[in-house]
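Here is what each chain is made of, one letter per residue.
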Amino acid sequence: MLDVIATTFVNLVTSASLIYLLGGVLLGLVVGILPALGGTAGMALLIPFVFGLEPNAALAMMTGLLAVVATGDTVTSILMGIPGSAASQATILDGFPLAKRGEAARALSAAYVASAAGGVIGAMVLTAAILVARPIILAFGTGEMLLLVLLGISMVCVLSGSSLVKGLIACALGLLVGAVGAAPATSEYRMIMGNFYLADGVPLVAVALGVFALPEIIDLLRRDAAISSAMSIGRGWLQGAIDCWIHKGVVLRTSAIGCLIGALPGIGGSVVDWIAYGHTVQTARDKSQFGKGDIRGVIGVEASNNSVQGGALVPTLIFGIPGSGSTAIFLAGLILIGLQPGMAMVEQNLDVTYTIIWSLAIANILGAGFCFMISGQMAKLTLVRYVYLAPYMLAIVFYASFQSSGDWGDMVALIAMGLIGCYLRRFGYSRPAFLIGFVLQNNIETYLYQTMQFYTLGDLARRPLIWILFAVIVISLYFGLKHRPKNQTEGVSGELSATTLWPQAIFLLLALAAVVYCVYDVRKFYLLGSIFPLTVCAFLAPLLLYGLWRVLARDLSDPILFDSESEWRLKEEGYVASLGHYVLWILGFVGLTYLVGFLIGIALFFVLFLAVKSPAGWGGIALMTGAVVAFFMAISYFLVLDLPRGLLQNVYRLPWPIG
Amino acid sequence: MGRIWLAAFAMLLGGVMLQAAPAAAQAVDFKGKRIEFIVPFIPGGGTDVWARFFLPYLEKYLPGNPTVLVKNQPGGNGIAGANQFHLRSQPDGLTVLGTSGSVQLPYLLEDPRVKYEYKEWTPILVSPTGGVTYIRPEFGVKSAADIGKLKGQKIKFGSQGVSSIDMVVALSYELLGLDPQVVFGLKGRADGRLALERGETNIDYQITGAFLKNVEPLVKAGKAVPLYAFGVLDDKGEVVRDPSFPGMPSVAEVYEKMHGRKPAGVEWEAYKAFFTAGFAAQKILVLPKGTPANIIAVWREAARRVVSDPEFVTRSRNELGDYKQAIGPDAATLTNVAIQVDPAAKAWLKNWLVTKYNYKPDAD
């Protein structure tokens, strides 16, 4: 076996495969950096080229891409506060504050080193696990999966901020939004308000971008400055690497978490980063800086989201069951080059297996190296006045959301989630807790239902793994609650007075209205279709009433009371406009798109926005508008993707690209 | 600098528009054109792999060797993409759709979300697939001959949903006198195999390719027992043995053995329609409504040449299974069996899903 490992390495680095690997890495970084695209889209892009390639070259290229998406997406998360792909949402929590205070270089450097380390650890685990993992994966039945998902939910208590009640409310609201759409057990359409677009549920992209990116874009615009408050990006390149070395324990543990969760089919990559982040916070002694720019928060997440690919390849290769969205297409790619993943392939074509593993390790290191090279320039974006960046960000965010189903509903969903995100942020409700609830809802419900059908309680009690996982959850909850970090995760509250509490009361009343609607909507459903949302409502309603009671009691020292907009912020921190002002701009943009389609809409929006908001002259405006239009034309042409159509396009047949 | 940029941009815009301008439809030639093969599912799924398998051959045999690209439009389990295709695509031969069982079944069941109409499309090529039912070894059942032993046993079957093609298989179990407990919520067929391997379910099926590659090893290791293959439709529309599994009886044969009579009656007709939509005519390449006859002829000819390409023949046996790719009038006939169902059979099927599995076709 060792000789196979050695020869595959030599074959890989001395043949044309290395060039293909490089190609895969570069494409992976590009799709990682662009928020519109992630690993899934990148793999889909590669597939046509894979056909007819020499198998080793194809494997190297696909693995190269798979490996580095989670390295590239860090750039956008840290510098812009926008998740570059679903895997790096948690990187924002500490990475973006670091960039804001001028430590972008340190954060990026730590992230790349942690990514490379995590990726290599993932490859090592894959090497060891590939021949022995089968019984381990088979030992995880739906009951064990359910407990793992609940472990993810238990992370809410370290992400709640100063008020646990509000963290739980945010999480339950996330569960409720997640429950929209077809019920897993009965396929009944829940809370779709007569709109079949919602039958599939609210898309993850709309939730992630809406809850994290839109509020951030608006906030930065309101301050009308650059992202970074410092005048340079800092010289922390070396410091970041040293940080990783100091916190090597974090790197090792979160890499292990990434591998394990990645290896279990069905839970999915978008949760790993949160579990790793929660774990990092739980095990840290000094928790006071998390959410404000603690380097450990960046390191933990980045190590885990690269190692997850090594883990995700385990079930992909030995069962032919993908562990994530991008490995699903990877699997299709394998089939296209004539390989059929499964135990037979792993055992008989060991060279294939080790080509994949070596590609994974090498790509991770190459990816981090490339990122170091380009980051110096990329990071300068944080010094640019934000009015120049904002229209690009808005265009990309809306375009990205539209790709999830190519329906106008995607745009509306993004706006709706953006509004929820803005108000969660304003009133100090943990947005990560909301997202965790949303992402895990489907898993909890499906596994709970399936566990009840497959096992009796007696069966479960006889499974030792159930007890072990149960103990892990209890321990996690104990430490999570005992040493709960009380940081404000959503900034600081404004001055409160008894007369400025009504917006918080309205927010709680609206949430209560959502609960009432949910109960009304599912009242006639089969028990299996309604039991989950009803349970969430039964849990959420008392929390909301408690919150309402605290608000009405007007005890200003209660941490539940929080409103970062309680007074006009014009004077402080350079705020120059209200929240509503930019919400209107964004609505205006969407309205334009609705009338004349995306490409014309974006051009008009750019011209209007830049003319009103920026000091740029007409030449500059034309240049920036031309650039964005050319970018979207190129992307939609080469990736064969649609642009949102407007009323104009529905009435007249127009030629591409405006049609 | 700015002016050069603008000029370049204007040229690009102009060039692209020129290229996209509709060509006069005389002799059909796709030279320099891009053909979009719409797949209403995510990349990497079964229909996506199927479509991509055809791309190089279509490029080779369509006149003018156009570029053929797969365009994934997921959503609503295939319904959204098919709706968009039906409502928007132009009949110029540059847009085709690849459908699958999960696009056919909601049409058959008159799901209110369906806005497409199979009768207005032109089927160019139909790819059948088969599948095999297998069980865990604990039952002591060795083959379809002693399937009777399964009666009255606790049988668990994992399904992707109440209107998925897994229900075709659930219906076959019922016709054979078994009473499976159907557990919903699987995320794909591979999940079903994993659940059986874990012992969470004890009966499962896989379509041909997946069975050969992933279940055969289990059979050899004594961890699974194959029972029967579903079969294929012959020219008369009868269910006969699957050429990929000549040693395994078809559902019709097992039925005859169990009940001592040839399969007939409304429930058998319902099963056959359901089976055709889900398996025998699982993947269909269609042209949109209103496509002129000359374009249809060009596509049919290309399809004919694709399926007789020797390389295609060898590779498709490995990738798509040993099935006859239906083209020309055969494609239309097979599609009709799947979509033009006797109203009584359709009503029976709907009623079966509603009463037994809480299917709600008109849920708001």
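Being a predicted model, the structure only gives us computed values, none of them experimental. Residue positions within a chain follow its written sequence, with the count starting from 1. In the order they appear in the text, chains get letters beginning with A and ligands get numbers beginning with 1. Local features in this predicted model are restricted to residues of pLDDT 70 or higher, and side-chain atom pairs are both shown and tallied only at a pLDDT of 80 or more, whereas totals for entire chains, interfaces and linings draw on every residue. Here the side-chain values reflect all heavy atoms present in the structure, with hydrogen atoms and water set aside.

## Focus on the packing of helix 4 (residues 55-80) of chain A against helix 5 (residues 91-100) of chain A
Residue and element names in this part refer to chain A. Applied cut-off: Axes, fitted as lines to C-alpha atoms, cover a helix only where it is in contact. Angles between the N-to-C directions of the axes lie from 0 to 180 degrees. Here a strand is any run of E in DSSP of at least two residues, a helix any run of H or I of at least four, and the numbering for each starts at the N terminus. In these notes the angle categories are as follows: under 35 degrees is roughly parallel, over 145 is roughly antiparallel, 65 to 115 is roughly perpendicular, and the rest is oblique. In this description, contact between two residues means that some pair of their heavy atoms is separated by no more than 4.5 Å. Only Asp, Glu, Lys and Arg are considered charged, only Ala, Val, Leu, Ile, Met, Phe, Trp, Tyr, Cys and Pro nonpolar, and every remaining residue, Gly among them, polar.
At a minimum axis distance of 6 Å, the contact between helix 4 and helix 5 shows a crossing angle of 55 degrees. As judged from the angle between their axes, helix 4 and helix 5 are oblique. Each of Thr74, Ser77, Ile78, Leu79 and Met80 in helix 4 lies in contact with helix 5, whose residues at this interface are Thr91, Ile92, Gly95, Phe96 and Ala99. In terms of residue class, the contact of helix 4 with helix 5 is made up of 6 nonpolar, 4 polar and no charged.

## Quick notes on the pairing of strand 2 (residues 67-72) of chain B
Residue and element names in this part refer to chain B. Rules: A simple rule labels every residue: compare its accessible area, found with a 1.4 Å probe on the protein chains alone, to the largest value its type can have, and call it buried under 20%, exposed over 50%, or partly exposed in between. By this definition, two strands are paired if DSSP reports at least two bridges between them.
For strand 2, a buried count of 5 out of 6 residues is recorded, marking the element as mostly surrounded by other parts of the structure. Note that strand 1 (residues 34-39) and strand 2 share 6 bridges and pair parallel. Bridging from a neighbouring strand, Glu36 pairs with Leu69 of strand 2.

## Comments concerning the interface of chain B and chain A
Stated precisely, the cut-off is as follows: By buried area we mean how much accessible surface two parts lose on assembly, using a 1.4 Å probe and totalling the loss over both. The salt bridge criterion pairs a side-chain nitrogen of Lys or Arg with a carboxyl oxygen of Asp or Glu, the two atoms within 4 Å. Whenever two N or O atoms come within 3.5 Å, that pair is a polar contact, provided that in protein one can donate a hydrogen and the other can accept it, and provided that, for residues adjacent in sequence, both atoms are side-chain atoms.
Between chain B and chain A, the residue contacts involve 57 residues of the former and 64 residues of the latter. Between chain B and chain A lies a buried interface of about 5100 Å² when both sides are counted; carbon and sulfur atoms form 59% of it. Linking chain B with chain A are 2 salt bridges. Close ionic contact of Arg134 of chain A with Glu197 of chain B constitutes a salt bridge, the shortest N to O distance being 2.6 Å. Taken together, the links from chain B to chain A amount to 18 residue pairs in polar contact (both at pLDDT 80 or more). Take the side of chain B that touches chain A: its biggest share by element is 10 residues, from helix 1 (residues 2-20) of chain B. A class-by-class count of the residues in the side of chain B that touches chain A yields 24 nonpolar, 15 polar and 18 charged.

## A closer look at the domain arrangement of chain A
Residues and elements named next belong to chain A. Worth spelling out the cut-off: Either an automatic procedure or a domain database provided the assignment from which the domain bounds are taken.
Structurally, chain A comprises domain 1 (2-228 + 239-482), domain 2 (498-572) and domain 3 (578-651). Computed from C-alpha atoms alone, the centre-to-centre distance between domain 1 and domain 2 is 30 Å. Counting from both sides, the interface comprises 32 residues of domain 1 and, opposite them, 30 residues of domain 2. Summing both sides of the interface, domain 1 and domain 2 together bury roughly 2700 Å²; the carbon and sulfur share of this comes to 74%. Considering only the surface of domain 1 that becomes buried against domain 2, Leu176, Arg426 and Phe427 emerge as the three largest contributors, covering 22% of it. Counting across the domain 1 and domain 2 interface gives 1 salt bridge. Across the salt bridge formed by Asp563 and Arg426, the nearest N and O atoms sit 2.8 Å from each other. Counting residues per element, the ones that place at least two in the side of domain 1 that touches domain 2 are helix 9 (164-178), strand 2 (189-190), helix 19 (408-426) and helix 20 (431-454). Counting residues per element, the side of domain 1 that touches domain 2 draws most heavily on helix 9, which supplies 8 residues.

## A look at the sheet that holds strand 3 (residues 95-99) of chain B
All names here are of chain B. With mixed pairing, 6 strands are arranged side by side in an open sheet as 2-1-3-12-4-13. Whereas interior strands pair on both sides, the edge strands pair on one side only; in this sheet they are strand 2 and strand 13 (326-327). Judged from the 3 bridges that link them, strand 3 and strand 12 (residues 283-287) form a sheet pairing that is antiparallel. Looking across to strand 12, one finds that Leu97 is bridged to Val286. The strands touched by helix 3 (residues 79-88) are strand 1, strand 3 and strand 12; relative to strand 3, the strand with the most contacts, the crossing angle is about 150 degrees.

## Brief notes about the pattern of salt bridges
Any two side chains of opposite charge can pair, so long as their charged atoms come close to each other. Residue and element names in this part refer to chain A. Taken as a whole and assessed by the stated rule, the structure comprises 37 salt bridges over all chains. In this structure, the salt-bridge partner of Asp558 is Arg550, at a minimum N-O distance of 2.7 Å. One network of salt bridges, with partners in common, ties together Lys100, Glu216, Asp219, Arg223 and Arg425.

## Focus: the packing of aromatic side chains
Defined as follows: To pair, rings of Phe, Tyr and Trp, with the six-membered ring standing in for Trp, must have centres within 6.5 Å; the planes then decide the type, stacked if under 30 degrees apart, edge-to-face if over 60, and tilted in the middle. Any Lys NZ or Arg CZ that is within 6 Å of a ring centre and within 35 degrees of that ring's normal is treated as a charge sitting over the ring.
In the structure shown here, the tally under the stated rule is 52 aromatic pairs over all chains. Aromatic side chains Phe212 of chain A and Trp274 of chain A sit 6.1 Å apart centroid to centroid with 25 degrees between the ring planes, which places their arrangement in the stacked category. Of this pair, Phe212 of chain A sits in helix 10 (residues 204-223) while Trp274 of chain A sits in helix 13 (residues 269-283), and the two are 62 residues apart along the sequence. We classify Trp274 of chain A as buried; its relative accessible area is 1%. A ring pair is formed by Tyr478 of chain A and Phe479 of chain A, whose centres lie 5.3 Å apart and whose planes are at 80 degrees; its orientation type is edge-to-face. Taking relative accessible area as the criterion, Tyr478 of chain A reaches 47% and is therefore assigned partly exposed. Through successive ring pairs, a cluster of aromatic residues spans Phe157, Tyr173, Tyr205, Tyr228, Phe230, Tyr255, Trp268, Tyr271, Phe275 and Phe279 of chain B. Above the ring of Tyr429 of chain A, the side-chain terminus of Lys166 of chain A is found at 4.9 Å from the ring centroid. Over the aromatic face of Trp549 of chain A sits the side chain of Arg550 of chain A, whose NZ or CZ is 4.8 Å from the ring centroid.

## Considerations on the domain arrangement of chain B
Residue and element names in this part refer to chain B. Domain boundaries in chain B define domain 1 (32-128 + 281-343) and domain 2 (131-278). For domain 1 versus domain 2, the distance between C-alpha centres works out to 27 Å. Listed by partner, the interface residues are 16 residues for domain 1 and 17 residues for domain 2. Ranking the residues of domain 1 by area buried against domain 2 places Leu105, Gln282 and Tyr323 at the top, with a combined share of 37%. It is helix 4 (residues 101-108) that provides the largest number of residues to the side of domain 1 that touches domain 2, a total of 5 residues.

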